[in-house]
Amino acid sequence: MRNHMITLGEYIVKKQAEYPSATGELSSLLSSIRRAAKVVNREINRAGLVSDIIGGSSGSENVQGEVQQKLDVFANDRFKAALEARGEVCGIASEEEDDFVAFDSENHSNAKYVVLMDPLDGSSNIDVNVSVGTIFSIYRRISEPGQPVTLEDFLQPGINQIAAGYVVYGSSTMLVYTTGHGVHGFTYDPSLGSFCLSHENIRIPEEGTIYSINEGNYIKFPDGVKKYLKYCQEKDDASKRPYTSRYIGSLVSDFHRNMLKGGIYIYPSGTSAPNGKLRLLYECNPLAFLAEQAGGKASDGFRRIMEIKPTSLHQRTPYFIGSTRMVDKAEEFMAQYS
Ligand code: AHG
Ligand code: MN
Ligand code: MN
Ligand code: MN
């Protein structure tokens, strides 16, 4: 046990000194996300106790046609307020907002960053006490400071990301992020009220033996995915097959496990979901940035996720992410059978 755990705040400042390009604003932006994560974490941890207040459905639907859980709305409002409270962000886009939200007060118009987020990922799991998460993605705005924020500021390809990260509210709560200099994980210590460095320079194993997919949709999968799943299930000692199937139903939790142990997460296209279910801008791109920074890979089965040019805020994409060798193999089947 190290005698002094480095907190996330200390680490951000330390890294800022090492990378002059990482401006003070980005550090301050990450700190506002850190603060909001603590508040959301507290509410999630007591959801079961005050289920009438923050458990269950809010009775409204989001633009995706999903029933919004009260915690979806709570998390969205907390992160939006935290990002608006400072002066680094000129606008946000969110799974829970129909359109982007411009922070157009006086001291925001010169702000240089936009943030896209999935404030609560895996929200169908809240009422059954299974891990959920938050996903965020940070870009420099394209529009000129002082000018109004535009949709173009949010429709940037993932390769333009300045930073990305997630919070996983699990058996312990962790915040994992990258600013393009590796992936670093911080575990929340409630007794200190701080996120402390616990996983510096996370590297995803190049090969893995865990595959994560909702096999209930099997009959709707493309043939390439069906063939890959059979490959995962065949016996072959040399490649440690059959692999293990693990599906939590929270993207952040399935992704986090694969980052630490190796594995592949697939949400493919299906007959009822021609582009799959996951959203490119605030689920697929941020996790793709993290995966690549940790030595992994993320594609839509054919091309690199982060090179897709977005055309709408809530567009979906088929998603293959995790250990590079596993994604490579899945892409081989997609190329051969599609
Ligand atoms: P969200 O709760 O933000 O809408 O995301 C849910 C996503 C993802 O977290 C999870 O892996 C996937 O939906 C589960 O989808 P299925 O229930 O269709 O498997
Ligand atoms: Mn949702
Ligand atoms: Mn999600
Ligand atoms: Mn969500």
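Labelled according to an unreviewed UniProt entry, the chain appears under the name Fructose-1,6-bisphosphatase class 1, originating from Zobellella taiwanensis. According to the UniProt record, the Subunit (unreviewed entry) comment for the chain reads "Homotetramer." In its Sequence similarities (unreviewed entry) section, the UniProt entry covering the chain states "Belongs to the FBPase class 1 family."

This part covers the coordination of the manganese ion (ligand 3). Coordination of the manganese ion (ligand 3) by the protein is provided by Asp118 (OD), Asp121 (OD) and Glu283 (OE), with metal-donor distances spanning 1.9 to 2.1 Å. Each donor residue of the manganese ion (ligand 3) lies on one chain, and together they are spaced D-x2-D-x161-E. A distance of 5.4 Å spans the gap from the manganese ion (ligand 3) to the manganese ion (ligand 2). No difference in accessibility class separates aspartate 118 from aspartate 121, as the two residues are buried.

So, about the side chain of serine 250. Positionally, serine 250 belongs in the loop between β12 (244-245) and α6 (251-261). Taking relative accessible area as the criterion, serine 250 reaches 0% and is therefore assigned buried. A distance of 2.6 Å separates the side chain of serine 250 from the backbone oxygen of serine 131, its partner in a polar contact. Not counting residues up to four positions away in its chain, the partners in contact with serine 250 are Asp121, Gly122, Asn125, Ser131 and Val132.

A word on the pairing of strand β7 (residues 163-169). In terms of burial, β7 is largely enclosed, as seven of its seven residues are buried. The pairing of strand β6 (residues 132-140) with β7 spans seven bridges and is classified as antiparallel. Each bridged residue has a counterpart across the sheet, and for valine 132 the counterpart in β7 is tyrosine 169. In the sheet, β7 pairs with strand β8 (residues 173-178) via six bridges, with the strands oriented antiparallel. In the sheet register, tyrosine 166 faces β8, and the bridge partner there is valine 176. Taking the residues that link successive antiparallel strands as the turn, the β7-β8 hairpin has three residues.

A word on the coordination of the manganese ion (ligand 4). Note on the manganese ion (ligand 4): its protein donors are Glu95 (OE), Asp118 (OD) and Leu120 (O). The metal-donor distances range over 2.0 to 2.2 Å. Linear spacing of the donor residues for the manganese ion (ligand 4) on their chain is E-x22-D-x1-L. The metal-metal distance between the manganese ion (ligand 4) and the manganese ion (ligand 2) is 3.6 Å, with glutamate 95 coordinating both. Within this pair, whereas glutamate 95 is found in the loop between β3 (89-94) and β4 (101-102), its partner leucine 120 is found in strand β5 (residues 113-121), the two being separated by 25 residues in sequence. For the pair glutamate 95 and leucine 120, one class covers both residues: buried.

Glancing now at helix α5 (residues 223-233). Those residues of α5 that sit buried are Gly224, Val225, Tyr228, Leu229, Tyr231 and Cys232. Here the buried residues of α5 occupy an arc of 155 degrees about the axis, which is enough to place them on one side. If you follow the buried residues of α5, they end up packed against β11 (210-212), β13 (264-267), β15 (319-322) and α8 (324-337).

Cut-offs used in this document
Residues numbered from 1 in each chain as written. Chains lettered and ligands numbered in written order. Predicted model: local features only at pLDDT ≥ 70, side-chain atom pairs only at ≥ 80, totals over all residues. Heavy atoms only, no water. UniProt positions renumbered as here; feature names shortened; annotations may be inferred. Donors = N, O, S within 2.8 Å, 3.2 Å for Na, K, Ca; no water. Buried < 20%, exposed > 50% of the residue type's maximum accessible area, 1.4 Å probe, protein only. Helix = DSSP H or I, 4+ residues; strand = E, 2+ residues; numbered from the N terminus. Polar contact = N/O pair within 3.5 Å; in protein donor to acceptor, adjacent residues only side chain to side chain. Contact = heavy atoms within 4.5 Å. Pairing = 2+ DSSP bridges. Arc of directions from axis to C-beta.

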